[in-house]
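This is what each chain is made of:
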Amino acid sequence: MIDIHDYIVVGSGASGGLLASDLHRLGADVLLIEAGKAYDKKTFPNNEMRGSAALYWGGGFEFDSEAKTAYLRSRCLGGTTIVNQALLDRFDEDVFNDWKNRTGISWMEQSELDKSYEAVENRLKLKTFEDKDMNNNARLFKMACEKLGYDWKYLRRGQDDCALERGNDCIACLNGCHRDSKQSTLVTSIQKAMQDGMKAQTETEVLSVEHHADHCDVHVLTAGKKAVLKCRKLIMAAGSFGTTQVLLRSGFDKKLTALGKGFCQHPQFMFFGVFDEIVDGYKGAFQTLASGKHPFRKNGYKLEVVYAPPISAGMLLRSYGAEFQKQMKRYRYMSSIEVAVRDEPDGGRLRINRKGRLIVEKYLTAQDKSRKAAGAETLKKIFTAQGAKEILESPFFFGLHLMGGCAIGSSGANSVVNPEFQVHDMPNIYIADSSIFPSAPGINPSLSVMAFSHRLLTQLSNA
Ligand SMILES: Cc1cc2nc3c(=O)[nH]c(=O)nc-3n(C[C@H](O)[C@H](O)[C@H](O)COP(=O)(O)OP(=O)(O)OC[C@H]3O[C@@H](n4cnc5c(N)ncnc54)[C@H](O)[C@@H]3O)c2cc1C
């Protein structure tokens, strides 16, 4: 007899991890499919090189069609919530006003999403950083902002006990958290659901899907073997790149002309200040502060105190031979801040080639460039106020917040997913992951991915 699941959920990150676990808890027969492997706190790789190879698509980085931008997304059980920094913010009125205009969706309002934000936050352990959590990099940033009169704020993170007082460095959890402190969907949802009997098939890539009147067929590849799985309802939660790629490989672009359009990523540009004294910007909680609202939000960029682990720092600084050695000897003597730009959706498009491989086309629009230039100008003032001897700018930009490709909207002419999270004219396929973003919010996206997924969950459980 053919097994027809109530739900197949493709992808186990911020959206899929939450939806699969909660639908299982509500009594549905759910199969969670994930392309990557399952790790846990005991088995996460313990250095940057092994972590990149094991946990990320492309063995660490993927690139745009012109190899100017590096993208990071995770390929393992728990998705990108395993490697992210779990900085969790709600969207503001500005995002909802923009999205309501773009989508024509009446429920696209902060007050409508508040219940979902609350429900998601209630299951997470959250910590807003304080003065005592700052490392030297953060102290330098705060000192310079206060000197220059710039607005700054503490960040809020999903974490339980990071044991910072015992010398733990959170930069290591870019390879997965060895303490189950970081609030990934693995920790908050998936592990418990699997103990309670939820089925999960890892190391299985979904190649394409078919929509039928009463079910969906899901074509998968596991250990080199192809198979077809069946479900009554399919939830695509493979992220902006993964979900868009599967829909393109399924030929849906013939009917959905908006498929693949509007890719945005909050392009991030890293800057380093070099000092005579040791800064050790990678120590402890390495991301505790960011620029505040005024005037940064209005100007379309934000600044975040951040640091890169050594291999990534070496790549970002791009130098060779003796120059490279000189740079890396100064690794402990640098402060580091990034500019993240709220980019325009017109500059990005996801396509596939004839073999079904994803092609990312991304350029910076004139507005993106001027926002970046304004951020860089502000940063230079901050590094000077810090007393940096030299300022280094990475020639690359990179993308961690991958958004769009299957935009939500009320019209099939310019969107892929309808206000009920169903693919237009394919009522058995749902999407609530980061691919549905109609534009860049300029705010950390993952809490809102979870909130939209929670809204879909409520809708499905009331159906
Ligand atoms: C280093 C880093 C730091 C970040 N820090 C933050 C932060 O502090 N705050 C924040 O809000 N956001 C952060 N982000 C971004 C955030 O994690 C993502 O926006 C969020 O996880 C997206 O959720 P998602 O469910 O759309 O996709 P993901 O969480 O990426 O999950 C998608 C899953 O689908 C799987 N998949 C893809 N294709 C297929 C396929 N064909 N078949 C089967 N499975 C497939 C993937 O392997 C993956 O597990 C960070 C990202 C990175 C890389």
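Higher on the page you've got the structure.
Read on for a plain summary of the structure. (Residues numbered from 1 in each chain as written. Predicted model: local features only at pLDDT ≥ 70, side-chain atom pairs only at ≥ 80, totals over all residues. Heavy atoms only, no water.)

### Considering the overall build of the protein
In terms of helices and strands, the protein carries 12 helices and 21 strands. Radius of gyration (C-alpha) of the protein: 21 Å, near the 23 Å computed for a compact globule of 463 residues. For the protein, the spread of C-alpha atoms along the three principal axes comes to 70 × 45 × 45 Å. Taken over 463 residues, the protein has a buried fraction of 60%. Look at the contacts in the protein between residues 6 or more apart in sequence, and 74% of them connect residues 24 or more apart. Carbon and sulfur atoms make up 50% of the accessible area of the protein, which totals about 19,100 Å². For the protein, the centre of its 60 positive side-chain charges and the centre of its 54 negative side-chain charges are spaced 3 Å apart. (Helix = DSSP H or I, 4+ residues; strand = E, 2+ residues; numbered from the N terminus. Rg over C-alpha atoms; globule rule 2.2 N^0.38 Å. Buried < 20%, exposed > 50% of the residue type's maximum accessible area, 1.4 Å probe, protein only. Contact = heavy atoms within 4.5 Å. Areas by Shrake-Rupley, 256 points an atom, 1.4 Å probe, with all protein chains shown as cover. Lys, Arg positive; Asp, Glu negative; His and termini not counted. Charge placed at Lys NZ, Arg CZ, Asp CG, Glu CD.)

### Digging into the pattern of salt bridges
Throughout the structure, instances matching the rule amount to 34 salt bridges. Between Glu62 and Arg73 there is a salt bridge, with the nearest N and O atoms lying 2.8 Å from each other. Of this pair, Glu62 sits in strand S3 (residues 62-63) while Arg73 sits in the loop between strand S4 (69-71) and helix H3 (93-103); the two residues are 11 residues apart in sequence, bridging distant segments of the chain. The two residues Glu62 and Arg73 agree in class, both being buried. Two residues, Lys100 and Glu109, come together in a salt bridge whose shortest N-O distance is 2.4 Å. With a relative accessible area of 30%, Lys100 lands in the partly exposed category. Here the salt bridges do not stand alone but share partners, grouping Arg90, Asp114, Glu121 and Arg156 into one network. (Salt bridge = Lys/Arg side-chain N within 4 Å of Asp/Glu carboxyl O.)

### Brief notes about the site of the ligand
Around the ligand lies a shell of 35 residues, among which Glu34, Thr80, Leu87, Ser434 and Ser446 are the nearest. Within the backbone of Ser74, an N or O atom sits 3.3 Å from an oxygen atom of the ligand. Interatomic distance of 2.7 Å between a side-chain N/O atom of Ser434 and an oxygen atom of the ligand. In the complex, 96% of the free accessible area of the ligand, which totals 1,000 Å², lies under the protein chains. Within the residue set of the shell around the ligand, elements represented by two or more residues are strand S9 (204-211) and helix H7 (239-249). For the shell around the ligand, the per-class residue count stands at 15 nonpolar, 16 polar and four charged. (Near = heavy atom within 4 Å. Polar contact = N/O pair within 3.5 Å; in protein donor to acceptor, adjacent residues only side chain to side chain. Nonpolar A, V, L, I, M, F, W, Y, C, P; charged D, E, K, R; others polar.)

### As for helix H4 (residues 110-122)
For H4, built from 13 residues, the straight-helix expectation of 18 Å at 1.5 Å per residue is met to within 8% by its first-to-last C-alpha distance of 18 Å. For H4, every residue scored as buried is listed here: Leu113, Ser116, Tyr117, Val120 and Glu121. (Expected span 1.5 Å × (residues − 1).)

### What to know about the pairing of strand S21 (residues 426-431)
Among the six residues of S21, five are classified as buried, and the element is accordingly described as predominantly covered. Direction of pairing for strand S11 (residues 225-236) relative to S21: parallel, over a ladder of three bridges. Its bridge partner being in S21, Ile235 is matched across the sheet by Tyr430. Sheet topology note: the strand S20 (residues 422-423)/S21 ladder contains two bridges and is antiparallel. Directly across from Gln422, in S21, lies its bridge partner Tyr430. Connecting S20 to the antiparallel partner S21 that follows it, the hairpin turn spans two residues, and Asp425 within it adopts a positive phi of roughly 65°. (Pairing = 2+ DSSP bridges.)

### Examining the packing of aromatic side chains
The full count for this structure, using the stated rule, is 20 aromatic pairs. Summarising the aromatic geometry, the rings of Tyr71 and Phe263 are spaced 5.7 Å apart at their centres and angled 70° between planes, so their arrangement reads as edge-to-face. With Tyr71 in strand S4 and Phe263 in the loop between H7 and strand S12 (268-274), this pair connects stretches of sequence that are 192 residues apart. Of the two residues examined, Tyr71 and Phe263, each falls in the buried class. (Phe/Tyr/Trp six-rings, centres within 6.5 Å; stacked < 30°, edge-to-face > 60°.)

### Quick look at helix H9 (residues 310-317)
Of all the positions in H9, only Ser312, Ala313, Gly314, Leu316 and Leu317 are classed as buried. In this structure, the buried residues of H9 make contact with helix H2 (48-55), S12, helix H10 (321-329), strand S15 (334-341), strand S18 (390-393) and strand S19 (397-399). Arg318 sits one or two positions beyond H9 and adopts a positive phi of about 40°.

### A closer look at a nonpolar patch on the surface
Taken together, the side chains of Met49, Phe63, Ile311 and Met315 make up a nonpolar region of the molecular surface, amounting to roughly 410 Å² of accessible area. A relative accessible area of 61% places Met49 in the exposed class. (Patch = residues over 30% accessible without salt bridge, like charges linked within 9 Å, V, L, I, M, F, W, Y side chains within 5 Å.)

### Points about the nonpolar core
Grouped together as the largest cluster of nonpolar side chains are 102 residues, with contacts concentrated most on Val218, Leu234, Phe421 and Phe452. In terms of residue count, helix H12 (residues 446-462) provides more of this core than any other element does, eight residues in total. Residue contacts for Leu234: discarding those within four places in its chain leaves Ile8, Val10, Val209, Cys216, Val218, Asn428, Ile429 and Tyr430. Counting 28 residues, the second largest nonpolar core, distinct from the first, contains Phe141, Ala144, Phe296 and Ile382. (Core = buried A, V, L, I, M, F, W, Y, C linked by side-chain atoms within 4.5 Å.)

### A short note on unusual backbone geometry
With an omega of -5°, the peptide bond running from His294 to Pro295 counts as cis. With respect to the secondary-structure elements, Pro295 resides in the loop between strand S13 (289-291) and helix H8 (296-299). Positive phi, normally seen in glycine, also occurs at Ala223, with a value near 50°. Turning to its location among the elements, Ala223 is positioned in the loop between strand S10 (216-222) and S11. Non-glycine residue His266 carries a positive phi angle of around 50°. Within the fold, His266 resides in the loop between H7 and S12. The class of His266 is buried, set by a relative accessible area of 3%.

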